[in-house]
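These are the residues of each chain, in order.
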Amino acid sequence: MLTIGISIAAAASRGTLALLLVIVGGLTLALTALAVRLHIGIPGADSTQIADIAHAAAGPGWPYGAFQLTSSLLLLAAASSSFQAGPGLLKALSGTAERPGVLPPVLGRTNRHHTPYWSVVAYLAAAALIIVAAAGQEQELVLFYAVAVFVSFLVGLLAMARFAHRERKAALAWMNGLAAVAVAFTLAVNLLRGWPILSLAATLLVAGALYARWTRAGRPTDIEDIEARAEAG
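Quick look at the structure, then. What you see is a predicted model; the values in this text were computed from it and never measured. (Residues numbered from 1 in each chain as written. Predicted model: local features only at pLDDT ≥ 70, side-chain atom pairs only at ≥ 80, totals over all residues. Heavy atoms only, no water.)

A closer look at the overall build of the protein
Next, step 1: What the protein contains, in helices and strands, is eight helices and zero strands.
Next, step 2: For the protein, the α and β elements follow one another from N to C terminus as α-α-α-α-α-α-α-α.
Next, step 3: Within the protein, buried positions represent 18% of all 233 residues.
Next, step 4: Within the protein, contacts between residues at least 6 apart in sequence are counted, and of these 47% link residues at least 24 apart. (Helix = DSSP H or I, 4+ residues; strand = E, 2+ residues; numbered from the N terminus. Buried < 20%, exposed > 50% of the residue type's maximum accessible area, 1.4 Å probe, protein only. Contact = heavy atoms within 4.5 Å.)

Structure follows, in structure tokens:
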């Protein structure tokens, strides 16, 4: 039964990833085609490319306003999920009386609603600091956010390439290796803009601090189950 459950979970995960690839790829290609057809270039300082596409396609009337409203709700939902995942991860990384953790135990304290309130405060403070540093300019924030995202992608792809190589799965190793090269190229292009280097430095600083805390905690071997514990919590 356990083997069947694991197989079903693995199949569901692969299906979810495939669906995500289709959705994201389809949206990206469709928006690119619309931008080319409608002659939409780099957006202004007070707009976005998607908003410019919607304005060119629907005009300044109520359909454009409805599009902006639904886009705002979508972004609010994305921010909500982020504020659920972030503090939950800090809670999972925190220690308890029975199990030493990577982060201080105070970040794992919860109220009667199972909310890790100090983790929420820490996550909120970090988000506010980043927004203030970027003066609320979303185009600047995207540059810094992209660096952290692509660093995570690169590390994950390199890890999967290594695991595939150890398991002697040459096709998977080559596929992950080529994907890592593509991500590394995109990351390098982003870093050439100058200021995103600060994001890379911050990412390395946080990673180094977490590694030091993990070493100090005795290098617990169940660290790979952190995300699962965060979702269960």
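Focus on unusual backbone geometry
Next, step 1: If you check the backbone angles, H39 has positive phi at about 60° while not being a glycine.
Next, step 2: Structurally, H39 is set in the loop between α1 (2-37) and α2 (49-58).
Next, step 3: Positioned with a positive phi, R168 is a non-glycine residue whose angle comes to about 60°.
Next, step 4: As for its position among the elements, R168 is in the loop between α5 (138-166) and α6 (170-191).
Next, step 5: Looking at R168, the relative accessible area reads 79%, which means it is exposed.

Quick word on the packing of helix α3 (residues 62-93) against helix α4 (residues 117-133)
Next, step 1: Two elements in contact, α3 and α4, have axes separated by 8 Å at closest approach and are oriented at 120°. When the axis of α3 is compared with that of α4, the two are oblique. Seen from above, α3 lies across α4 with right-handed handedness. Seen from α3, the contacting residues are S82, F83, G86, P87, L90 and K91; seen from α4, they are S119, V120, A122, Y123, L124 and A127.
Next, step 2: Of the residues contributing to the contact of α3 with α4, the split by class is eight nonpolar, three polar and one charged. (Axes fitted to C-alpha atoms, helices over the stretch in contact; angles between N-to-C directions. Parallel < 35°, antiparallel > 145°, perpendicular 65-115°, else oblique. Left-handed = near helix turned anticlockwise from the far one by under 90°. Nonpolar A, V, L, I, M, F, W, Y, C, P; charged D, E, K, R; others polar.)

What to know about the side chain of N190
Next, step 1: As for its placement among the helices and strands, N190 is situated in helix α6.
Next, step 2: Sequence-distant contacts of N190, defined by excluding residues within four places in its chain, comprise L143, A146, V147 and P196.

Overview of the pattern of salt bridges
Next, step 1: Per the counting criterion, the structure on display carries one salt bridge.
Next, step 2: Put simply, K169 and E167 hold a salt bridge, and the shortest N to O gap is 3.4 Å.
Next, step 3: A relative accessible area of 42% places K169 in the partly exposed class. (Salt bridge = Lys/Arg side-chain N within 4 Å of Asp/Glu carboxyl O.)

Description of the packing of α5 against helix α7 (residues 196-216)
Next, step 1: As a packed pair, α5 and α7 sit with axes 8 Å apart at the nearest point and diverge in direction by 45°. Judged by the angle between their axes, α5 and α7 are oblique. Between α5 and α7 the crossing geometry is right-handed. Residues L143, F144, V147, A148 and V151 of α5 pack against P196, L198, S199, L200 and T203 of α7.

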